[in-house]
Amino acid sequence: MCGIVGYIGDREAEEILVKGLERLEYRGYDSAGVAVVEAGGAAPEGAAGNGAVGDGQAKGGAAAIPSGRLAVRKKKGKVGQLREALGGTNGPRGGGLRGSVGIGHTRWATHGAPSDVNAHPHTPPDGRFALVHNGIIENYAALKERLQEKGREFESSTDTEVLVHLIDDVQQATGLPLEEAVRQALTQTVGAYGIVVASAENPDFLIAARNGSPLILGVGDDGEHFIGSDAAPLIEHTRQVVYLEDGEMAVVRRDGYDVKTIEGADLEKEIHELEWDLEEIEKGGYEHFMLKEIMEQPTALEDCMRGRINPDKGQVLLGGLTEVMDRLGSADRVILVACGTSWHAALVGEYLIESLAKVPVEVEYASEFRYREPILREGDVVIAISQSGETADTLAAVREAQERGALALGVCNVVGSTIARETDAGVYLHAGPEIGVASTKAFTCQVCVLAMIALAMAEGRTLADDQMQAHLDALAGVPDKVRTELKRDEEVADLAKVYRYAANFLYLGRGYNFPVALEGALKLKEISYIHAEGYPAAEMKHGPIALIDRFMPVVFIAMKDSTYDKVVSNIEEVAARDGAVIAITNADNHELDDLCEYVMRVPETMEYLSPLLTVVPLQLMSYHMAVMRGCDVDQPRNLAKSVTVE
Ligand code: M6R
């Protein structure tokens, strides 16, 4: 997740900004940059990118106040590398940037691979201002096309540079002051943003605006103000903060700040006192990254679908697949390759693509696929699913598929990762960085992307318009349903307390929820070290039933769907053998209350979307049990977040 820091005051900005970026490192990022307003002077050659830009001379209709210039440094990689670059010889006094107003950014790529050029801050061609941005501008492609028609050229592949050009375009055309041009440009954007803008022309102000991506204004002593995407970069300077809300914009000067709505109405904002310490802030107040990431799922799912589904028109638009959509839609066979949790998402994908798009699907462990000389025919499409995009076996499976002439697509979370780069086309999850080793929000976003792929394949082929609309409405409604179930966290914690000393667990489900049974078992074993197995519920009679006794908790996913009656029969069989049944079922279903020791309830949705809801209590249950057993939840023993060896 990207991070933002801004400073205006009387101290040198550079160190405050870089330190602020270090405080934001926990959010995960792939590049970093700063821009500082320096005292006037000519800009060096080769303005943009990893050097200094801007000469403070506004062009066109904008008011020219020759006062400063913006020096920009940005680097792919760690903040440490940016620090090194800043220590170079480019600064006016032989090293570093000199100025007491500036902005900084850590980027976690969403549009365009991690690189110096794609890193923020971004500037217009004359370097009159610099902008950092968190979030996603959904209509960036349409805006970019319009701006290109006007002759504008873009250096980066980012949606952020499009916003910069849009602001520049508005200002050039109207001669409005920068804050007004920013305001007008923002009214033309669709999507989520938290932005901060610094101006070479006016070294006594910063502009901050928010819609969907948090921004906090820190009020310091002696005319100092700070801006952060969270409180981490502010806390060592001040505890007095103002929270910007969606649709609000602040103009921040040394002597104060004004907050307005994007429409221009004045606002009185309350100053709050920060009570958290740094560690609490990094984890968003949660004890562990895993819990934070579980709780982030509603917004991660919203980001994942942002700009991609239009329920009113019954359309799915997956930009990364546009060029291959015909081939995918008419594929003879789809082969999904993945490992671990991503393999479980692939199993859900198999059900989704077969039932919605009516195309045969096979799911393969990437490690098996790569070595068994797979038979691939023209018309086969291989889709690799990987959160990290670096898993060695999945990458090898992609290469194997390509060598055998198949079209290889990627579903990755990490932008610019090896699998994302090497596949022929793909879809990003946009789930934000996942730091906890146990995958949670990546799983739900993978299932969400696979649902969108299945619907895109079905569009105009196997689903009528009204069916598409109903499916997309249901998909769009999922994030709020996840929000509702996350409110039951305490109930799940109570349940975890009861079973925390169990030595074994069995997870059973059918249909769409068989992969959820596997995922529930994997989550429990990897973080709590309790032995757990997942099975299709009907398989129980073929062996696992021998394990049932009163010391064996059995988790059934028993949603009221096409498999419900059969699952209830399996529950009866376990109850009859004194097994302790924990069931996950629909919110209003009380038929299982007498049969089960515990019932966890989840909201209603269409059958094919239920894994997005049924997995959530299982994630929470594993988390609480692991914490209660004193396990290292975020870094379980022997496990790595990204498995880059065979
Ligand atoms: O990055 P990937 O999605 O390719 O990783 C695959 C597995 O290594 C990963 O899902 C692993 O199983 C997780 N620890 C599960 O929580």
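Residues numbered from 1 in each chain as written. Predicted model: local features only at pLDDT ≥ 70, side-chain atom pairs only at ≥ 80, totals over all residues. Heavy atoms only, no water.

Visitor: Explain helix α16 (residues 478–486) to me, please; I cannot follow it from the model alone.
Guide: Structurally, the α-helix is built with 3.6 residues per turn, so residues lying three or four positions apart point the same way. Every buried residue of α16 is listed here: Val478, Pro479, Val482, Glu485 and Leu486. End-on view of α16: buried residues confined to an arc of 120 degrees, all on one side of the axis. For α16, the secondary structure elements touched by its buried residues are α7 (289–295), α8 (297–305), α15 (465–476), α17 (489–499), β26 (598–602) and α20 (611–628). (Buried < 20%, exposed > 50% of the residue type's maximum accessible area, 1.4 Å probe, protein only. Helix = DSSP H or I, 4+ residues; strand = E, 2+ residues; numbered from the N terminus. Arc of directions from axis to C-beta. Contact = heavy atoms within 4.5 Å.)

Visitor: For this particular structure, what's the right way to read the sheet that holds strand β18 (residues 361–365)?
Guide: Sheet strands line up and pair through hydrogen bonds in the backbone, either parallel or antiparallel. Spatially, five strands are ordered β18-β17-β19-β20-β21 in an open sheet, and the strand pairing comes out parallel. Since the sheet does not close on itself, it has two edges, and those belong to β18 and β21 (425–428), each with one partner. Each strand of the sheet is rotated relative to its neighbour by a mean of 20 degrees, with strand direction disregarded. Here five bridges tie strand β17 (residues 333–338) to β18, and the two strands are oriented parallel to one another. Directly across from Ile335, in β18, lies its bridge partner Glu362. The strands touched by helix α12 (residues 392–403) within the sheet are β17, β19 (380–386) and β20 (407–412), with β19 carrying the most contacts at an inclination of about 165 degrees. (Pairing = 2+ DSSP bridges. Axes fitted to C-alpha atoms, helices over the stretch in contact; angles between N-to-C directions.)

Visitor: Looking at this structure, I do not really get the packing of helix α18 (residues 514–528) against α20. What am I missing?
Guide: Contact geometry of α18 with α20 gives a least axis separation of 9 Å together with a crossing angle of 20 degrees. Taken together, the axes of α18 and α20 lie roughly parallel to each other. In the crossing of α18 with α20, the sense of the turn from one axis to the other is right-handed. Each of Val516, Glu519, Gly520, Lys523, Leu524, Ile527 and Ser528 in α18 lies in contact with α20, whose residues at this interface are Pro611, Thr614, Val615, Leu618, Gln619, Ser622, Tyr623, Met625 and Ala626. (Parallel < 35°, antiparallel > 145°, perpendicular 65-115°, else oblique. Left-handed = near helix turned anticlockwise from the far one by under 90°.)

Visitor: Explain the environment of Ile216 to me, please; I cannot follow it from the model alone.
Guide: Position of Ile216 relative to the elements: it lies in strand β8 (residues 216–219). Residues Ile216 and Asp230, spaced 14 residues apart in sequence, show a C-alpha to C-alpha distance of 6.2 Å.

Visitor: I'm lost on the domain arrangement of the protein in this one. Help?
Guide: Domains assigned within the protein are domain 1 (3–274), domain 2 (285–476) and domain 3 (486–633). Between domain 1 and domain 3, the C-alpha centre-to-centre distance is 48 Å. (Domains from an automatic or database assignment.)

Visitor: Is there a simple way to explain the environment of Arg308 in this structure?
Guide: When you line up the elements, Arg308 lands in the loop between α8 and β15 (309–310). Here the alpha-carbon distance between Arg308 and Glu22, two residues 286 residues apart in the chain, equals 33 Å. Among all residues touching Arg308, those that are not within four sequence positions of it are Gln315, Val316, Leu317, Leu318, Val427, Tyr428, Leu429, His430, Val449 and Met452.

Visitor: Which parts of the structure should I look at to understand the pairing of strand β22 (residues 504–509)?
Guide: Across the six residues that make up β22, a large majority, five, are buried. Looking at chain direction, β22 and strand β23 (residues 531–536) are connected through six bridges and run parallel. If you follow Tyr507 over to β23, its bridge partner there is Gly534. Here β22 runs beside strand β24 (residues 553–557); their pairing, made up of three bridges, is parallel. In the sheet register, Tyr507 faces β24, and the bridge partner there is Val555.

Visitor: It is not clear to me how empty space enclosed by the protein should be interpreted in this structure. Could you clarify?
Guide: Over the atoms, a rolling probe the size of a water molecule traces out where space has been left empty. Overall, the coordinates contain two cavities of 30 Å³ or more when judged by the stated rule. When its volume is computed, the largest cavity comes out at roughly 70 Å³. In this structure, the largest cavity is lined by 13 residues; those nearest its centre are Arg107, Thr110, His120, Asp159 and Thr160. Taken together, the elements giving at least two residues each to the lining of the largest cavity come down to β5 (129–137) and α4 (159–174). Broken down by element, the lining of the largest cavity gets its largest block of residues, three residues, from β5. Residue composition of the lining of the largest cavity, by class: three nonpolar, eight polar and two charged. (1 Å grid on protein atoms, 1.4 Å probe; cavity = no way out; pocket = protein on both sides within 12 Å on 5 of 7 lines; lining within 4 Å. Points joined across faces, edges and corners; volume = space filled by probe spheres on them. Nonpolar A, V, L, I, M, F, W, Y, C, P; charged D, E, K, R; others polar.)

Visitor: What am I meant to see in the sheet that holds strand β14 (residues 272–273) here?
Guide: Strand order in the open sheet made by the eight strands is β3-β2-β4-β1-β9-β8-β10-β14, with antiparallel pairing throughout. With one partner strand each, in any of the chains shown, β3 (68–76) and β14 form the two edges of the open sheet. Inspection of the sheet shows strand β1 (residues 3–8) paired to strand β9 (residues 225–228) by four bridges, in the antiparallel sense. Its bridge partner lying in β9, Gly6 is registered against Ile227.

Visitor: Please clarify how the site of the ligand should be interpreted in this entry.
Guide: Taken together, 14 residues surround the ligand, and among them Ser342, Ser386, Gln387, Thr391 and Glu526 come closest. At 2.7 Å, a side-chain N or O of Ser388 approaches an oxygen atom of the ligand. Taking Ser439, its main chain carries an N or O atom lying 2.8 Å from an oxygen atom of the ligand. Alone, the ligand offers 410 Å² of accessible surface; in the complex the protein occludes 91% of this. Contributions of two or more residues to the shell around the ligand are made by α10 (340–357) and α18. Of all the elements, α10 adds the most residues to the shell around the ligand, at three residues. Here the residues of the shell around the ligand are counted per class, giving four nonpolar, eight polar and two charged. (Near = heavy atom within 4 Å. Polar contact = N/O pair within 3.5 Å; in protein donor to acceptor, adjacent residues only side chain to side chain. Areas by Shrake-Rupley, 256 points an atom, 1.4 Å probe, with all protein chains shown as cover.)

Visitor: How should I be thinking about the layout of surface pockets in this particular structure?
Guide: Space inside the second largest pocket adds up to approximately 1000 Å³. At the level of secondary structure, the elements contributing two or more residues to the lining of the second largest pocket comprise β5, α3 (140–149), β15, β16 (315–316), β20, α13 (418–422) and β21. A class-by-class count of the residues in the lining of the second largest pocket yields 15 nonpolar, 14 polar and eight charged. Here the lining of the second largest pocket gathers at least three residues from each of two domains, domain 1 (3–274) and domain 2 (285–476).

Visitor: Even after reading the chapter, I still don't get the pairing of β24, so can you show me in this structure?
Guide: Moving residue by residue along a regular strand, the side chains alternate between the two faces of the sheet. The buried count for β24 comes to five of five residues, which makes it a mostly enclosed element. Burial along β24 is two-sided: the residues Pro553, Val555 and Ile557 and Val554 and Phe556 are all buried. As defined by bridge partners, β24 adjoins strand β25 (residues 580–586) across five bridges and the pair is classed as parallel. Counterpart to Pro553 in the pairing with β25 is Ala580.

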